[in-house]
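What follows is the residue order along each chain.
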Amino acid sequence: MKIAADGEAYRILKAEQKRQVEGLELIPSENYVSKAVLEAVGSVLTNKYSEGYPGHRYYGGNFYIDQAENLAIGRAKKLFKTDYHVNVQPYSGSPANIAVMLAVLELGDKVMGMSLTQGGHLTHGHKVNFSGRYYDFCQYGVDRRTEIIDYSEVEKTALKEKPKMIICGATAYPRIINFKAFSKIAEKVKAILMADISHIAGLIAAGVHPTPFGLADIITTTTHKTLRGPRGAVIFCKDRYAEAIDRAVFPGIQGGPHDHVNLAKAVAFGEALKPEFKEYGKQTVKNSQALAAKLIAGGLRLVSGGTDNHLILVDLGSLGVTGKQAEAWLDEAGITVNKNTIPYDERKPMDPSGIRLGTPAVTSRGMKEKEMKIIGEFILRVLASKGQVTELKIIKKEVTSFAKKFPVPGITK
Ligand code: DSN
């Protein structure tokens, strides 16, 4: 039976596919995977159980599954030019980060991470998350004036708090992360350095963002953001942490690996090893900077004044518009973004002062700087409309006919 025979499920699938083709996807953590990645995710490898690791499984019939996992491991090492140990089994970014904590910390240990409201991730110590509930986190953020990480403040906090582990990496930080500075601080206080490169992994692989390999002890990344693979994650670590990391992933927190996804990770890493991916990484950043320039020219204030990477954080405060309103209006116009807190935000996360935009997905459709100016104009018009329904309908029509000119990898190409 094919999915088309299930009317209800098929309708949802087709409607979402149409939304992805006709809209402009600007959520910086999203992307469009290739047909090859979709095929692997939708493959018969989903039928298999394979608890354990290649060569050491608790189930029979894993001859080809071992090959798939080893292929993903080998390509991951090649892609990041590293001989770190690799575990490709984490289901996603949060489980990967939890596994690291389980591997190298005792409950209650002191850890340092970037605060969620300043650009960090939930698993970097937020009080409602496993990390913040079971470990004693101290948090760092950005300088109030520059909105850039103040490394001397990070060092001061580290010297005072003496964390066992420092987490660097962010989900809403538009600037280069100085892994060398973090590594020096970690060395000074004898902390383990963990880099969560989920947002920027594709940029690192493409050589357009500095690498943490050789500097951080442990590196986690999701595979579905700038890396343009299936939903999932990978952990890299120096050899001395390998056994503990593997045991934390399985049997520590996970059961059977998602072998279909692991095959898709191998496929995505293979794609990222091609020269075109370097161009993709470069263009993603050029596009982000072109979009930022257009928005600034249109009178918007960007956190930190611009961007070095794939994402932009817009402060809507002076427009008298909230993040929630902007997200909803842009959605009406066929442009998908997410509301986001800005550093030192006085508003709540469900209706913050900002929106977060990014260029990984539109760049995958082949758009360049010229198109970023057009997208920037759409965004400015939506914000100026103040949610006026007729105006949003007009913009949506224009967005749809513009978007449809650019094939979506995996759907129309
Ligand atoms: N949800 C991801 C993001 O949007 O950045 C982080 O996990």
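Given the structure is predicted, the values throughout are model-derived calculations rather than measurements.

**Q** Sorry if this is basic, but what is going on with the overall build of the protein here?
**A** Across its full length, the protein holds 15 helices and 15 strands. The C-alpha radius of gyration computed for the protein amounts to 21 Å, which stays within 12% of the reference 22 Å derived for 413 residues, consistent with globular compactness. Based on the C-alpha atoms only, the size of the protein along its principal axes is roughly 60 × 60 × 35 Å. Restricting the contact set of the protein to residue pairs at least 6 apart, pairs at least 24 apart contribute 73%. With an accessible surface of roughly 18100 Å², the protein has 55% of that area assigned to carbon and sulfur atoms. A gap of 3 Å separates the mean positions of the 56 positive and 43 negative side-chain charges of the protein.

**Q** What exactly am I supposed to notice about the site of the ligand here?
**A** In the vicinity of the ligand, the contacting residues are S29, H121, T171, H199, K225 and R356. A distance of 2.8 Å is found between an oxygen atom of the ligand and a side-chain nitrogen or oxygen belonging to H121. Compared with its free state, where it exposes 230 Å², the ligand has 64% of that area covered by protein. Looking at side-chain class alone, the shell around the ligand contains no nonpolar, four polar and two charged residues.

**Q** When you look at the pairing of strand 5 (residues 110–114) in this model, what are you seeing that I'm missing?
**A** The side chains of a regular strand alternate between the sheet's two faces. The buried fraction of strand 5 is high, at four of five residues. Here strand 5 runs beside strand 7 (residues 165–168); their pairing, made up of two bridges, is parallel. Paired with M112 across the strands is I166, a residue of strand 7.

**Q** Just checking my understanding: could you explain the sheet that holds strand 8 (residues 192–196) for this structure?
**A** In sheet architecture, strand pairing relies on hydrogen bonds along the backbone and comes in two forms, parallel and antiparallel. Read across the sheet, seven strands follow the order 4-10-9-8-7-5-6 without closing on themselves; strand pairing throughout is mixed. On the outer flanks of this sheet lie strand 4 (85–87) and strand 6 (136–140), each paired with one strand and no other. Averaged over all neighbouring strand pairs, the angle between strand axes comes to 20°, with direction disregarded. Sheet analysis places strand 7 next to strand 8, joined by four bridges and oriented parallel. Of the residues in strand 8, the one forming a bridge with C168 is A195. Running over the sheet, helix 6 (residues 151–161) touches strand 5, strand 6 and strand 7 and is turned about 165° from strand 5.

**Q** In this structure, what is going on with the side chain of S183? I would like to understand it.
**A** Along the chain, S183 turns up in helix 7 (residues 179–189). The class of S183 is buried, set by a relative accessible area of 11%. Those residues within four positions of S183 in sequence are excluded, and the remaining contacts are L193 and L215.

**Q** Looking at this structure, I do not really get a nonpolar patch on the surface. What am I missing?
**A** Nonpolar side chains collect at one region of the surface, where Y49, Y58 and Y59 lie side by side and expose about 400 Å² of accessible area between them. Along the polypeptide, Y58 turns up in the loop between strand 3 (56–57) and helix 3 (63–79).

**Q** Any chance you could explain the pairing of strand 8 here in plain terms?
**A** For strand 8, the buried fraction is high: five of the five residues fall into the buried class. Covered by surrounding structure in strand 8 are I192, M194 and D196 together with L193 and A195, the residues of both alternating faces. Note on the crossover from strand 7 through helix 7 to strand 8: the handedness is right-handed.

Reading the values: rules and limits
Residues numbered from 1 in each chain as written. Predicted model: local features only at pLDDT ≥ 70, side-chain atom pairs only at ≥ 80, totals over all residues. Heavy atoms only, no water. Helix = DSSP H or I, 4+ residues; strand = E, 2+ residues; numbered from the N terminus. Rg over C-alpha atoms; globule rule 2.2 N^0.38 Å. Contact = heavy atoms within 4.5 Å. Areas by Shrake-Rupley, 256 points an atom, 1.4 Å probe, with all protein chains shown as cover. Lys, Arg positive; Asp, Glu negative; His and termini not counted. Charge placed at Lys NZ, Arg CZ, Asp CG, Glu CD. Near = heavy atom within 4 Å. Polar contact = N/O pair within 3.5 Å; in protein donor to acceptor, adjacent residues only side chain to side chain. Nonpolar A, V, L, I, M, F, W, Y, C, P; charged D, E, K, R; others polar. Buried < 20%, exposed > 50% of the residue type's maximum accessible area, 1.4 Å probe, protein only. Pairing = 2+ DSSP bridges. Axes fitted to C-alpha atoms, helices over the stretch in contact; angles between N-to-C directions. Patch = residues over 30% accessible without salt bridge, like charges linked within 9 Å, V, L, I, M, F, W, Y side chains within 5 Å. Salt bridge = Lys/Arg side-chain N within 4 Å of Asp/Glu carboxyl O. Right-handed = clockwise from strand over helix to strand, strands pointing away.

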